[in-house]
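Geometric and topological summary
Here's the letter readout for the chains.
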Protein chains: 2
Amino acid sequence: MSGIADVARRAGVSKSTASRALTGSGYVSDATRQRVRDAANTLGYVPSTHAVSLATGKTQTIGVIVPHVTRWYFGEVVDGIQNALIARDLDCALFSAEPGSANRQRMFDTYLGRRRFDGLITVGLEPSTRELDRITTIGKPLVTIGSYDAGTSAVSIDDFEAALRATQHLIALGHSNIVFLGGAPEDSDHSFGDARRVGGYRTAMTEAGLAEFVQHIPCDVDMPDGYAVAVDFLSGSHARPTAIVAVCDEVAIGAIIAARRQGIGVPNDLSVIGIDDHTHAEMFSLTTLRQSPREQGETAVELLSRLIAKPRSTPERVWAPATMVIRSSTAPPPEPARL
Amino acid sequence: MSGIADVARRAGVSKSTASRALTGSGYVSDATRQRVRDAANTLGYVPSTHAVSLATGKTQTIGVIVPHVTRWYFGEVVDGIQNALIARDLDCALFSAEPGSANRQRMFDTYLGRRRFDGLITVGLEPSTRELDRITTIGKPLVTIGSYDAGTSAVSIDDFEAALRATQHLIALGHSNIVFLGGAPEDSDHSFGDARRVGGYRTAMTEAGLAEFVQHIPCDVDMPDGYAVAVDFLSGSHARPTAIVAVCDEVAIGAIIAARRQGIGVPNDLSVIGIDDHTHAEMFSLTTLRQSPREQGETAVELLSRLIAKPRSTPERVWAPATMVIRSSTAPPPEPARL
DNA sequence: TTGAAAGCGTTACCAC
DNA sequence: GTGGTAACGCTTTCAA
């Protein structure tokens with residue numbers, strides 16, 4: 001574990017010169033620079049990041065806050081962030097903030113306060129006002145992925161438009177009785193992306209004169225609950241819808257499985273469209289709006305790096321693309337419905 | 001951003017006393033301790049971790065190496081680790097090491113060398129000998145989850161026994177033509193847990209005098225590939241097996257979906273058993289051996305903490321439990337097979 | 001029980 | 001171009 005002093009001695013220069021040669025800041029002759037580098041190499045010199053941090057005030061770390069890492073979207077984003085970070089020689093400190101957990105509170109109180117990061121990326125975070133307040137008073141650059149939008153730098157798809165297009169696709173196929181499946185109930189106070197998607201659906205329906213058919217069936221945003229809720233309402237006595245817009249692919253897939261279980265053919269009896277293009281979407285021939293959380297993670301790192309380099313620059317809002325991928329879970333409604 | 005000097009001044013003591021009072025090391029009178037604490041509180045004092053690290057040599061961070069975070073097992077483990085870490089006031093530095101990626105190499109070379117962690121947890125890592133070498137020469141405490149076993153502290157289920165029991169369950173139901181689905185091919189050089197599971201299956205079959213039926217069908221360890229490969233061999237012309245032992249639940253679920261698609265009834269025509277008790281297992285009524293990656297993560301943190309506290313202590317090997325959860329994807333073989 | 005001062009390993013300012 | 005030296009913010013002897 002040799003330090004910069006050892007390197008300097010071996011290269012026959014002072015610590016300051018060695019530092020300059022190694023970090024590339026300030027004037028050093030090419031000859032000395034080479035000597036210092038050689039010395040560092042043969043010594044296997046690795047700078048102590050603590051010392052560097054203490055001296056520079058930079059941590060070379062960025063913090064990532066994520067509700068949990070087990071849902072597809074979050075996992076992909078984290079992997080994307082990781083990749084971008086490694087390429088830039090930055091460390092990734094992961095903080096999970098499961099909604100409602102004691103640890104979340106602790107994380108906000110203790111961890112954030114330590115400021116062991118040069119910048120923060122929050123993914124899918126739906127902060128309470130108290131939490132939001134905490135985050136902003138930290139005073140570190142911040143980029144938000146796929147969640148709230150408070151004038152900070154942010155990247156996400158346009159949730160409203162994605163759901164709008166998904167719904168319009170169904171309408172164009174001839175459907176009228178279209179249901180929106182998934183997300184928190186309308187009156188819930190923390191519904192961010194979900195709520196915008198419901199909004200897009202609602203608007204598409206209304207604009208097409210189908211306001212009477214508008215129906216939002218809330219459920220947890222995961223496959224098992226999508227399945228369970230779909231089983232329930234598909235077997236209900238009311239007029240079964242001919243199409244479903246799901247809040248995301250996981251819920252869509254849950255619905256497809258539910259339908260199959262009940263002998264309801266997809267897409268012949270029921271069309272289903274999702275949002276995401278989940279890894280499993282192809283397997284279920286799911287028509288969906290593709291987004292790439294991985295790339296969103298990379299983009300966020302890019303924005304954050306810029307913010308760290310120029311702290312006073314204005315926040316940027318990046319709209320990630322969502323492109324329609326038509327597979328075979330959507331089709332025109334069955335004949336009777338057309339009458 | 002007040003420092004310990006400010007606290008000391010406000011409490012009317014020296015920096016050293018303030019430090020002792022706050023860290024709880026060394027003698028301080030109760031009265032002064034209280035005064036220092038009050039001062040720290042009103043000032044909102046947060047120690048600079050860099051300075052602390054520099055002075056103590058401890059980083060208060062533990063590193064977690066994981067291939068990626070998008071598979072169920074890994075995601076759950078990481079969440080478990082996170083939870084345990086937060087409770088101990090430790091930071092989590094995440095390193096992804098996707099097999100074969102350029103970043104993996106970079107991570108091993110650069111990141112590990114920085115030693116910005118007091119200990120390391122590797123999850124499902126299947127290290128090359130070069131990588132293994134690198135990890136051990138780091139000289140930091142190490143705990144391994146669900147992967148190789150090199151005399152270091154480790155936690156995982158007994159893969160061999162889990163597959164053995166899964167297979168025996170099928171045999172007890174009356175099956176003979178039982179296939180093992182998933183994992184790397186036998187001759188692959190990096191097959192760790194998978195290979196042990198194949199071994200358990202093979203042993204159970206042999207012991208039951210069913211050696212002639214032994215058949216390992218490799219596939220990637222995820223649902224889409226389990227599905228694809230199952231579609232293939234279930235529709236093949238050869239005698240279809242009456243039961244499948246899947247390397248994990250994701251593959252098992254893929255197989256179930258494949259079977260359904262082909263009109264093969266589960267469990268009437270085909271029994272399927274998995275290992276994991278994946279979040280989706282219940283939804284597919286999957287019989288499986290339950291393990292809790294979350295708890296394994298927590299256990300690993302516990303082992304690691306002990307190792308960090310007493311660096312010379314001997315490594316511990318923890319076998320996580322795997323308990324059979326019988327749902328309805330397994331049943332006796334169809335009549336013809338019994339003859 | 002307390003305080004002064006010496007590190008910990010860098011960077012950065014300021015002379016030379 | 002280069003070297004001396006003072007930070008950076010804390011912990012930890014060692015005296016008192």
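Residues numbered from 1 in each chain as written. Chains lettered and ligands numbered in written order. Predicted model: local features only at pLDDT ≥ 70, side-chain atom pairs only at ≥ 80, totals over all residues. Heavy atoms only, no water.

**Section: the side chain of B:E250**
Checked against the element boundaries, B:E250 lands in helix α11 (residues 249-261). We classify B:E250 as buried; its relative accessible area is 9%. (Helix = DSSP H or I, 4+ residues; strand = E, 2+ residues; numbered from the N terminus. Buried < 20%, exposed > 50% of the residue type's maximum accessible area, 1.4 Å probe, protein only.)

**What about the nonpolar core?**
The biggest cluster of nonpolar side chains holds 96 residues, and the ones touching the most others in it are A:L181 and B:L181. Within the second largest apolar cluster, 52 residues are counted, among which are A:I62, A:C92, A:V143 and B:W72. (Core = buried A, V, L, I, M, F, W, Y, C linked by side-chain atoms within 4.5 Å.)

**Topic: empty space enclosed by the protein**
All told, the structure shown has one cavity of 30 Å³ or more when counted by the stated rule. Of the volumes computed, that of the largest cavity is approximately 150 Å³. A:T61, A:D91, A:R116, B:T61 and B:R116 are, among the 14 residues lining the largest cavity, the residues nearest its centre. For the lining of the largest cavity, the residue count by class is three nonpolar, seven polar and four charged. (1 Å grid on protein atoms, 1.4 Å probe; cavity = no way out; pocket = protein on both sides within 12 Å on 5 of 7 lines; lining within 4 Å. Points joined across faces, edges and corners; volume = space filled by probe spheres on them. Nonpolar A, V, L, I, M, F, W, Y, C, P; charged D, E, K, R; others polar.)

**Section: the pattern of salt bridges**
One pass over the full model with this rule turns up 30 salt bridges over all chains. Across the salt bridge formed by A:R114 and B:D89, the nearest N and O atoms sit 3.1 Å from each other. Placement of A:R114 in helix α6 (residues 102-114) and of B:D89 in the loop between α5 (72-87) and β2 (91-96) is noted, with the two residues assigned to different chains. Here B:D89 falls in the partly exposed class, since its relative accessible area comes to 28%. Residues B:D277 and B:R290 are paired through a salt bridge, measuring 2.6 Å at the closest nitrogen-oxygen approach. In this pair, B:D277 sits in the loop between β9 (271-276) and β10 (287-290) while B:R290 sits in strand β10, placing the two residues 13 residues apart along the sequence. What makes B:D277 buried here is its relative accessible area of 13%. (Salt bridge = Lys/Arg side-chain N within 4 Å of Asp/Glu carboxyl O.)

**Some thoughts on unusual backbone geometry**
A cis amide bond links A:V266 to the next residue, A:P267, at an omega of 10 degrees. Assignment of secondary structure puts A:P267 in the loop between α11 (249-261) and β9 (271-276).

**Observations concerning the interface of chain A and chain B**
Across the contact, 51 residues belong to chain A and 51 residues belong to chain B. Summing both partners gives a buried area of about 4,800 Å² for chain A against chain B, and 54% of it is carried by carbon and sulfur. Area buried by chain A at its contact with chain B is led by A:I86, A:R116 and A:M283, which between them contribute 15% of it. Applying the counting criterion to the chain A and chain B interface returns six salt bridges. Our count for the chain A to chain B interface comes out at 23 residue pairs in polar contact (both at pLDDT 80 or more). Those elements that place two or more of their residues in the side of chain A that touches chain B are α4 (49-56), α5 (72-87), β2 (91-96), α6, α10 (223-234) and α11 of chain A. Ranked by the residues each element gives to the side of chain A that touches chain B, the list is headed by α5(A), at nine residues. (Contact = heavy atoms within 4.5 Å. Buried area = accessible area lost by both parts, 1.4 Å probe. Polar contact = N/O pair within 3.5 Å; in protein donor to acceptor, adjacent residues only side chain to side chain.)

**Some details on the protein's contact with DNA strand C**
Taken together, 25 residues lie around DNA strand C, and A:I4, A:S19, B:T17, B:R20 and B:T32 are the ones closest in. If you look at DNA strand C and keep only atoms within 4 Å of the protein, 55% of those are sugar or phosphate atoms. In the model, a phosphate oxygen of DNA strand C is placed 2.6 Å from a nitrogen or oxygen of the A:S19 side chain. At 2.8 Å, a backbone N or O of B:S29 approaches a phosphate oxygen of DNA strand C. Broken down by secondary-structure element, the contributors of at least two residues to the surface near DNA strand C are α2 (15-23) and α4 of chain A together with α2 (15-23) and α4 (49-56) of chain B. (Near = heavy atom within 4 Å.)

**Looking at the environment of A:G63**
All names here are of chain A. Here G63 shows up in strand β1 (residues 61-66). According to the relative accessible area criterion, G63 is buried, its value standing at 0%. Separated by 55 residues in the primary sequence, G63 and D118 place their C-alpha atoms 7.7 Å from one another.

**With respect to the UniProt feature "domain: HTH lacI-type" (unreviewed entry) in chain A**
The sites that carry the UniProt feature "domain: HTH lacI-type" (unreviewed entry) are, in the present numbering, residues 2-56 of chain A. End C-alpha atoms of residues 2-56 of chain A are separated by 20 Å, and the span's content is 71% helix alongside 0% strand. (UniProt positions renumbered as here; feature names shortened; annotations may be inferred.)

**What about the pairing of β2(B)?**
All names here are of chain B. Burial of β2 is extensive: six of the six residues sit out of reach of the surface. Burial along β2 is two-sided: the face carrying D91, A93 and F95 and the face carrying C92, L94 and S96 are both buried. Bridge count for strand β1 (residues 61-66) against β2 is six bridges, and the pairing is parallel. By the bridge assignment, V64 is partnered in β2 with L94. After leaving β1, the chain enters α5 and then returns to the sheet as β2, a path that is right-handed. (Pairing = 2+ DSSP bridges. Right-handed = clockwise from strand over helix to strand, strands pointing away.)

**So, the protein's contact with DNA strand D**
Surrounding DNA strand D, one finds 24 residues, the nearest of these being A:T17, A:R20, A:S29, B:I4 and B:S19. Take the atoms of DNA strand D that sit within 4 Å of the protein: sugar and phosphate atoms are 58% of them. A distance of 2.9 Å separates a base nitrogen of DNA strand D from a polar side-chain atom of B:K15. If you list the elements that add at least two residues to the surface near DNA strand D, you get α2 and α4 of chain A together with α2 and α4 of chain B. Of the residues belonging to the surface near DNA strand D, the class tally is 11 nonpolar, 11 polar and two charged.

**Structural notes on the relation of the copies chain A and chain B**
After a rotation of 180 degrees and a shift along the axis of 0.0 Å, chain A superposes on chain B with an RMSD of 0.1 Å. When the rotation and shift are considered jointly, the pair of chain copies conforms to a two-fold rotation axis. A high fraction, 100%, of the interface residues of chain A reappear at the interface in chain B, so the copies pair face to face through one surface. (Least-squares fit on C-alpha atoms with pLDDT ≥ 70 in both.)

**Regarding the pairing of β1(A)**
All names here are of chain A. Taken across its six residues, β1 has six buried, putting it largely inside the fold. Because side chains alternate across β1, one face comprises the buried residues T61, G63 and I65, and the other comprises I62, V64 and V66, equally buried. Where β1 lies against strand β3 (residues 119-123), four bridges are found, and the strand directions are parallel. Counterpart to I65 in the pairing with β3 is T122.

**Some words on the sheet that holds strand β7 (residues 216-217) of chain B**
All names here are of chain B. Taken in spatial order, the six strands of this open sheet run β7-β6-β8-β9-β10-β12, and their pairing is mixed. The strands lining the two open edges of the sheet, one partner per strand, are β7 and β12 (323-325). Judged from the three bridges that link them, β10 and β12 form a sheet pairing that is antiparallel. Looking at the pairing, L289 lines up with M324 of β12. Running at roughly 155 degrees to β9, α11 makes contact with β6 (178-181), β8 (243-246), β9 and β10 of the sheet. (Axes fitted to C-alpha atoms, helices over the stretch in contact; angles between N-to-C directions.)

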